[in-house]
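Residue-level listing of the chains:
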Amino acid sequence: MYGWMGIILRVDLTSGKIEKEPLSDRLRLNYLGGRGINSRILYDSVGPEVDALSPENTLIFGTGTVVGTIAPSAGRITVTAKSPLTGILGDGNSGGHFSAEMKWAGYDHIVFTGKADRPVYLWIENDHVELRPAEHLWGKTTAETDEEIHRELGDPAIKIAAIGPGGENLVRYASVMFENCHAVGRTGMGAVMGSKNLKAVAVRGTKGVKVAHPGPFMRLSRNLHERIINSPVYKGLAHYGTPYFTVGMYRSGWLAIKNAQTNEWPDVLKLGHKVLKRDYFVKELACTSCPRHCNQAWVVRGGPYTGTHGAKIEYGAIAPFGAGCLISDFGAVAKMNSLCDDYGLDLIELGITLNTVMEWYDRGLITKDDTDGVDIIWGNAEAAIELIHKVARREGFGNLLAEGPLRAAEQIGRGADKYIALHSKGMTYGIDDIRAMKGYALNIATSTRGADHLRGMPGLEMIPQASTPEMLERRFGTTEAGIASSYKKAPLVVYTQNLCTLTDCLELCKYNTEFQGEAMNIEDLAGLFSLATGIEMDEKAMSTVAERIYAVEKAFLVREGMTRKDDIVGGKWGSEPIVGGPAAGERIHPEKFDKLLDEYYQLRGWDSMGIPTTSTLSALGLEDIAEEIRTKSQ
Ligand code: SF4
C-alpha cells in the first residue's frame, strides 16, 4: 500500500486489549485519512446517547495520507471524539513531530475505547505496543510528563502527546499537548483523555512511508515548497509566527478589544510581533517538513515573569489574553500562554472565558464574593493568572469557569450570557471580529465543530494581495468574494471549508494553503494525494470527498438534534455593531445573513433547515446515513 501504512491500532482501555486492524478500502478511499477517517469512525461508534465524558465515548488519533513524506508541512494530526464542551463532534488539529513518528511506527489511526481502571499511558515502538502505568505521572504538567516519560524510556527521539491537570480534572476545554508546545486545543479532547485515565501516548517509529511515484512526488513537493517560500504572507509568518497577525488585524479594525466592547486600543502595539522579536525571541523552529518555521521560541528576560519560556506563542493567546483583557504586558501574556501549555488548556476558550468574566465583574454581575476574592478588573494580569490556576485545578470559582463561559453564564444568570461576544454550537470565538468579514461569519455559523476559524476562515476575503479580480470572478463567480464586508460569500466559504477538510485529511498545515491566502489549493492537494497513493484524483474528485466528509460531520450534528437554529452567529456579535476602529458600524444584518445561509445550504445540497437531503447523501454514497437522518427528521 502506498501513502497509508494500512493499519488502525485499536486500544480497549477497559480490558487492556490491543489489536491491529487493516485500514479498510471503504475508509481510505472515501475519507482519505486524518480528520476524514476520524469523523467517520466517530459517526459509526458514538451516538446521541453517549456522554462525552463516559467510557462509551471513542477517542481517535489520526495521521494523514501524506504524513511522514517530504510534502510541505506533512506532519499534522487530528484528535477526534464527542466534545465535552459542545456535546457534538469535537476535534482538534496539531503540528509538531508526533504525527510523522506515529506513521513511521506503522499506524494511520489509533482508536481508544473504554476507560482504564487506573492512569495509564500508551507506549508504541514500531510493532511493540503496550499500556504502562501512569499513576506517578498523574498531577504532573505536560512538560513534566514529557520529561519523565523520556527519562523512563530512555530515547530522546520519542514523541509524546500528553494531558496536564486540566485534562485530568475534566476541564471541558482541556487540550492535548504534543511535545508540550503544540496543542490540540479546541473542543476539550484533553478532558476526554482524562475521562479515560489516559495520561499520554508515546511513540517511536523507524519505518518509512512508501509513495507510489517517488520522482514526480518529490518534484511536486519541491515546487510547492518554493511556491510557499515565494508567497505573499510567507515572510511575516516565517519570521514572527502567528503573532504577526495581531497588529495587522488591529489596523484593519478586526481585532476585538476588551471583550469586544471596542476595536480601538493603541496599547495593542505593545503586544506586536516586533516586540516579540526584539525582547523575547530565542530562535525559529519548524514542524515536520515545513518550510515556514513559524514557531518562535521565546523567553521572558525581565520583570515578574523572568525565566518563563516556551517553544511558541500564538496570536490565539495574544488576542484574548492581551487585547481581550486589556493586558499590555507581553511578558504576562506569554506567562498565560505558558500556563495553558503546562496545564493543558485551550487558550482560546479560556481567553474568552476571562474576557467575559472581566466584563461580568466590571458590570457587577459577579463580585469578589463569587471570585474567591480575586479582583478580576480589566488589565489585572496577576488576577487573570490566578484564575488560570484555579480553572486547571477546578478550585472554587475556577470550578465554575472550567465548565466554559456558556455553562458559567447559565449558572450566574441575570443575563450574564448576553456579554459573551460570539458563540455557535456551544463553543466561543470572540477574537477576530467577524462582523466585518461576512464570509468568516458564515464559516463560524456553519462550522461542524462549533465557532472556530480552522474549519474554513476564508483568507481570500481578508488578504487582498492573495487574489486578483479575474481569479475571484472565475472561481467564485464574483469579484466581491475578495471584499470582506460583502455578503456574496457562499461559494468562497464552501470552497475554503472543503480545502480545510482535505488539508486535515492529508494532515498538512492550513497556514500553507489558500485558507491563509497562501500557496496550496485543492488542485495541489489532489496532486500530492494521487502521486503518493497511486490513486488518481483530480480537484473535482477531491472536492466530492470533502463534501462527503462535511456531510458526515453535519449528519452527526443533526443526529444530536441540531438544525438551522444552531447555524448562528450567537452572542452579542449577532446583533450589536462594531464600536471603534476602522470597521466601526459593521454588523451582521439578519436578513442578508439569512439569505447567505440559504445560498450556502443550496450549494451544499442541504434543505432549508440545514439538513443534507436524501439525494445529496445518496449521491455521496452515504445511503446508510440518509436512512438514519430521514428517520430522525420525521
Ligand atoms: S506553518 Fe508553522 S504551525 Fe504550520 S506546520 Fe509550519 S511551522 Fe508548523
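Residues numbered from 1 in each chain as written. Predicted model: local features only at pLDDT ≥ 70, side-chain atom pairs only at ≥ 80, totals over all residues. Heavy atoms only, no water.

Student: I tried to follow the overall build of the protein on my own but got confused; where do I start?
Tutor: Summing up its helical and strand segments, the protein has 24 helices and 17 strands in all. What you see for the protein is a C-alpha radius of gyration of 23 Å, in line with the 26 Å of a compact globule of 634 residues. Overall, the C-alpha framework of the protein stretches about 60 × 60 × 55 Å when taken along its three principal axes. Per-residue burial over the protein gives 65% buried out of 634 residues. At a minimum sequence separation of 6, the contacts of the protein that also span at least 24 residues come to 68%. For the protein, the computed accessible surface area is about 20900 Å², with 50% contributed by carbon and sulfur atoms. (Helix = DSSP H or I, 4+ residues; strand = E, 2+ residues; numbered from the N terminus. Rg over C-alpha atoms; globule rule 2.2 N^0.38 Å. Buried < 20%, exposed > 50% of the residue type's maximum accessible area, 1.4 Å probe, protein only. Contact = heavy atoms within 4.5 Å. Areas by Shrake-Rupley, 256 points an atom, 1.4 Å probe, with all protein chains shown as cover.)

Student: What should I look at first to understand the side chain of Lys510 in this one?
Tutor: Inspection of the secondary structure puts Lys510 in the loop between α19 (490–506) and α20 (522–533). Once you skip the residues sitting within four places of it in the chain, Lys510 turns out to touch Leu454, Cys500, Thr503, Asp504, Phe515 and Gln516.

Student: It is not clear to me how the packing of aromatic side chains should be interpreted in this structure. Could you clarify?
Tutor: On inspection of all chains with the given rule, the structure shows 16 aromatic pairs. Ring geometry for Phe61 against Phe98: centres 6.1 Å apart, planes inclined by 55°, an arrangement best described as tilted. Placement of the pair is Phe61 in strand β3 (residues 59–62) and Phe98 in helix α3 (residues 98–104), with a sequence separation of 37 residues. Since its relative accessible area comes to 0%, Phe61 is described here as buried. Of the aromatic side chains, those joined through ring pairs into one cluster are Phe61, Phe98, Phe112 and Phe178. Note that Lys277 overlies the ring of Phe281, its terminal NZ or CZ placed 3.8 Å from the centroid. (Phe/Tyr/Trp six-rings, centres within 6.5 Å; stacked < 30°, edge-to-face > 60°. Lys NZ or Arg CZ within 6 Å of the ring centre and 35° of its normal.)

Student: Sorry if this is basic, but what is going on with the pairing of strand β5 (residues 89–94) here?
Tutor: One face of the sheet, then the other: side chains in a regular strand alternate in exactly this way. In terms of residue burial, β5 counts as a mostly covered element, since six of its six residues are buried. What sits between strand β4 (residues 77–82) and β5 in their antiparallel hairpin is a turn of six residues, with Gly87 showing a positive phi close to 80°. (Pairing = 2+ DSSP bridges.)

Student: How should I be thinking about the domain arrangement of the protein in this particular structure?
Tutor: Accessible area lost upon the coming together of the parts serves often as the stated size of an interface. Per the domain assignment, the segments making up the protein are domain 1 (7–204), domain 2 (241–420) and domain 3 (435–633). Distance from the C-alpha centre of domain 1 to the C-alpha centre of domain 3: 27 Å. Taken together, the 40 residues of domain 1 in the interface contact 41 residues of domain 3. Where domain 1 abuts domain 3, roughly 3200 Å² becomes buried across the two surfaces, and 61% of that area is made up of carbon and sulfur atoms. On the domain 1 side of the interface with domain 3, the three residues burying the most area are Leu32, Arg35 and Tyr43, jointly 26% of the side's total. On the surface where domain 1 and domain 3 come into contact, there are seven salt bridges. With a shortest N-O distance of 2.8 Å, Asp91 and Arg455 are connected by a salt bridge. Our count for the domain 1 to domain 3 interface comes out at 23 residue pairs in polar contact (both at pLDDT 80 or more). For the side of domain 1 that touches domain 3, the element with the highest residue contribution is helix α2 (residues 34–45), accounting for seven residues. (Domains from an automatic or database assignment. Buried area = accessible area lost by both parts, 1.4 Å probe. Salt bridge = Lys/Arg side-chain N within 4 Å of Asp/Glu carboxyl O. Polar contact = N/O pair within 3.5 Å; in protein donor to acceptor, adjacent residues only side chain to side chain.)

Student: Explain the sheet that holds strand β14 (residues 295–299) here, please?
Tutor: Pairing between sheet strands relies on hydrogen bonds along the backbone, with the strands arranged either parallel or antiparallel. Reading across the sheet, the three strands line up as β13-β14-β15 and stay open at both edges, with antiparallel pairing between neighbours. This sheet does not close on itself; its edge strands, each paired only once, are β13 (281–285) and β15 (309–310). Bridge count for β13 against β14 is four bridges, and the pairing is antiparallel. When the sheet's bridge partners are listed, Glu284 is paired in β14 with Gln296. Together, β13 and β14 form the strand contacts of helix α10 (residues 273–280), whose direction differs from that of β14 by roughly 50°. (Axes fitted to C-alpha atoms, helices over the stretch in contact; angles between N-to-C directions.)

Student: Just to check I follow, could you spell out the packing of α2 against helix α21 (residues 539–559) for this structure?
Tutor: The description of two packed helices rests on the angle between their axes and on the distance between the axes. At a minimum axis distance of 9 Å, the contact between α2 and α21 shows a crossing angle of 30°. Judged on the interaxial angle alone, α21 and α2 are roughly parallel. Classified by chirality, the crossing of α21 by α2 is left-handed. Between α2 and α21, the residues in contact are Arg35, Gly36, Ser39, Arg40, Leu42 and Tyr43 and Ile549, Tyr550, Val552, Glu553, Ala555, Phe556 and Arg559, respectively. Along the lines of polarity and charge, the residues of the contact of α2 with α21 split into seven nonpolar, two polar and four charged. (Parallel < 35°, antiparallel > 145°, perpendicular 65-115°, else oblique. Left-handed = near helix turned anticlockwise from the far one by under 90°. Nonpolar A, V, L, I, M, F, W, Y, C, P; charged D, E, K, R; others polar.)

Student: Help me understand the sheet that holds β5 in this model?
Tutor: Taken together, six strands build an open sheet; the order of strands is β2-β1-β6-β3-β4-β5 and the sheet is mixed. Each having just a single partner strand, β2 (18–22) and β5 make up the two edges of the open sheet. This sheet shows a mean twist of 20° between the axes of neighbouring strands, independent of strand direction. Bridge count between β3 and β4: three bridges; the pairing is antiparallel. Directly across from Ile60, in β4, lies its bridge partner Thr80.

Student: Hey, could you run me through the environment of Met249 in this one?
Tutor: With respect to the helices and strands, the residue Met249 is situated in helix α9 (residues 244–252). Accessibility expressed as a relative area gives 9% for Met249, which makes it buried. It is 35 Å that separates the C-alpha atoms of Met249 and Asp607, two residues lying 358 residues apart in sequence. Among all residues touching Met249, those that are not within four sequence positions of it are Trp254, Leu255, Tyr315, Asp432, Met437 and Met462.

Student: Is there a simple way to think about the packing of helix α17 (residues 438–446) against helix α22 (residues 590–604) in this case?
Tutor: One can describe the packing of α17 onto α22 by two numbers: an axis separation of 11 Å at closest approach and a directional angle of 65°. Relative to α22, α17 is oriented roughly perpendicular. In the crossing of α17 with α22, the sense of the turn from one axis to the other is right-handed. The segment α17 lies against α22, with Lys438, Ala441, Leu442, Ala445 and Thr446 engaging Phe593, Leu596, Leu597 and Tyr600. Broken down by class, the residue content of the contact of α17 with α22 amounts to seven nonpolar, one polar and one charged.

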